[in-house]
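# Structural features, examined
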Amino acid sequence: MTGEAQVKIGFIPLVDAAALFVARHKGFAAAQGLDVELIREVSWANIRDKLAIGRFDAAHLLAPMAVASTLGLGHVRVPLAAPINLAMNGNAIAVSTALYAELAAVGEVGDPAQSARALAKVVARRQAERREPLTFGMTFPFSMHNYQLRYWMAEGGVDPDEDLRLIALPPPYMVENLARGQLDGFCVGAPWSSVAVDAGVGVILHFGCEIFERAPEKVLALRENVADDDPDLVAALVRAVYKGAAYVDEPQNLEEVSHILSRPEYVGVDAEIIQRVLTGRLRVNGRETRERMDYLIIGEASAMRPDPRQAEWIYAQMIRWRQTRYSPAMADKAKGVLRPDLFDAAIGGALDQREIAAFAGPSFDGRDYGAYLAGFAIGQRL
């Protein structure tokens, strides 16, 4: 890469794109010789399609979407490469105040196992009374939001494909649809669950990290051929994002970063809400606050390094929920999406990773898909 490179990057208005916003806003991208244009989009499908056809050079992208695009699931096959994770975790399952009251009336809801069993009771009662099934929103079929909802529901005995409705909606539309009664709940990235709580229309039931302890949420994705043909560009992008994430992570920068993200061209919600998200201290209803340091992980170096084992785990969820079939060749392609080699070339030094640990169910070690899937009562098996 010689001179200043113009780079168009698509994004969705979410706090987990903070490293991108700060890298551009604070000049870290420019210092790497990059003239970055950040382009706000309303839907993940728009971002995927514009990245695929070259309208975007890179994108803030759902980690499972990068795997799906590479495998040709739900769209034409466009192999992607993810040289850096933008965020781990950051989602939350929120429900309407009405559904929360129903759940609390039939059982405990303090942890995901309890609330999943309560959900099963509510679903069974609605079926017996011939009422409309519950409707939950998630941002895209190939997303951690979808898999978190499904995993949680299924552990309580609810089949998400038979017992209720799951629909895909862009993140900014979730709160409005919950308020109108068109959704009973949703799983979405920050800050939209907090927006629902502040508006008095929703209750945060669980943080995403209570379902999956350490889940790759968003990646910076490029077309595979671009990543392989222009390693200098990739390295510059990785270094810029890495520096942006480090800036986000410094406690003394919290107020400034919150105000940067609150700008209308980025996330466009109140800085105070964003500050809560970045500290992992969220209002879950009108009275209570819950805190987890790992609610959203952005600047932790070991979290930013892509781990191919996590792509294998994502592929296993796709098989479980009948989005694809198993083959060794597809498993290898999935594994190849998350590229630690590109990260290491820019930053240097391998860093330890941790397994994506779920609140219940079998562990997945990446070696035996059949045994893993056989450990679930609901879902496809090999």
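Heads up: these notes are all about the structure in this document. The structure displayed is predicted, hence computed values, not measured ones. (Residues numbered from 1 in each chain as written. Predicted model: local features only at pLDDT ≥ 70, side-chain atom pairs only at ≥ 80, totals over all residues. Heavy atoms only, no water.)

## Re empty space enclosed by the protein
- The final tally for this structure, using the stated rule, is one cavity of 30 Å³ or more.
- The space that makes up the largest cavity amounts to roughly 40 Å³.
- Taken together, Ile-9, Leu-20, Ala-23, Arg-24, Ala-29, Val-36, Leu-237, Ala-240 and Val-241 make up the full set of residues lining the largest cavity.
- If you list the elements that add at least two residues to the lining of the largest cavity, you get helix 1 (18–25) and helix 12 (231–249).
- Looking at the lining of the largest cavity residue by residue, the class counts come to eight nonpolar, no polar and one charged. (1 Å grid on protein atoms, 1.4 Å probe; cavity = no way out; pocket = protein on both sides within 12 Å on 5 of 7 lines; lining within 4 Å. Points joined across faces, edges and corners; volume = space filled by probe spheres on them. Helix = DSSP H or I, 4+ residues; strand = E, 2+ residues; numbered from the N terminus. Nonpolar A, V, L, I, M, F, W, Y, C, P; charged D, E, K, R; others polar.)

## Focus: the side chain of Ser-193
- One can find Ser-193 in helix 9 (residues 192–198).
- Classification of Ser-193 by relative accessible area gives buried; the value is 3%.
- Ignoring any residue separated from it by four or fewer positions in sequence, one finds Ser-193 in contact with Ala-92, Ala-94, Phe-186, Val-188 and Ile-204. (Buried < 20%, exposed > 50% of the residue type's maximum accessible area, 1.4 Å probe, protein only. Contact = heavy atoms within 4.5 Å.)

## Here's the deal with helix 3 (residues 44–52)
- Buried within helix 3 we find Trp-44, Ile-47, Arg-48 and Leu-51. All buried residues of helix 3 fall inside an arc of 100° around its axis, so they share one side.
- At its buried positions, helix 3 is contacted by strand 1 (5–11), strand 3 (58–62), helix 4 (63–71), strand 4 (80–89) and strand 10 (216–223). (Arc of directions from axis to C-beta.)

## Points about the sheet that holds strand 1
- Pairing is mixed across the open sheet formed by six strands, whose spatial order is 2-1-3-10-4-13. Of all the strands in the sheet, the pair left with one neighbour each is strand 2 (34–40) and strand 13 (296–297).
- Pairing of strand 1 with strand 2, which is carried by seven bridges, proceeds in the parallel orientation. The partner of Lys-8 across the bridge, within strand 2, is Glu-37.
- Against the sheet, helix 12 touches strand 1, strand 2, strand 4 and strand 10, its axis set at about 5° to strand 4. (Pairing = 2+ DSSP bridges. Axes fitted to C-alpha atoms, helices over the stretch in contact; angles between N-to-C directions.)

## Quick notes on the packing of helix 5 (residues 97–106) against helix 6 (residues 112–128)
- At a closest axis distance of 8 Å, the pairing of helix 5 and helix 6 adopts a crossing angle of 105°. In terms of axis orientation, helix 5 runs roughly perpendicular to helix 6. Packed against helix 5, whose contacting residues are Leu-99, Glu-102, Leu-103 and Val-106, the element helix 6 presents Ala-118, Leu-119, Lys-121, Val-122, Arg-125 and Arg-126 at the interface. (Parallel < 35°, antiparallel > 145°, perpendicular 65-115°, else oblique.)

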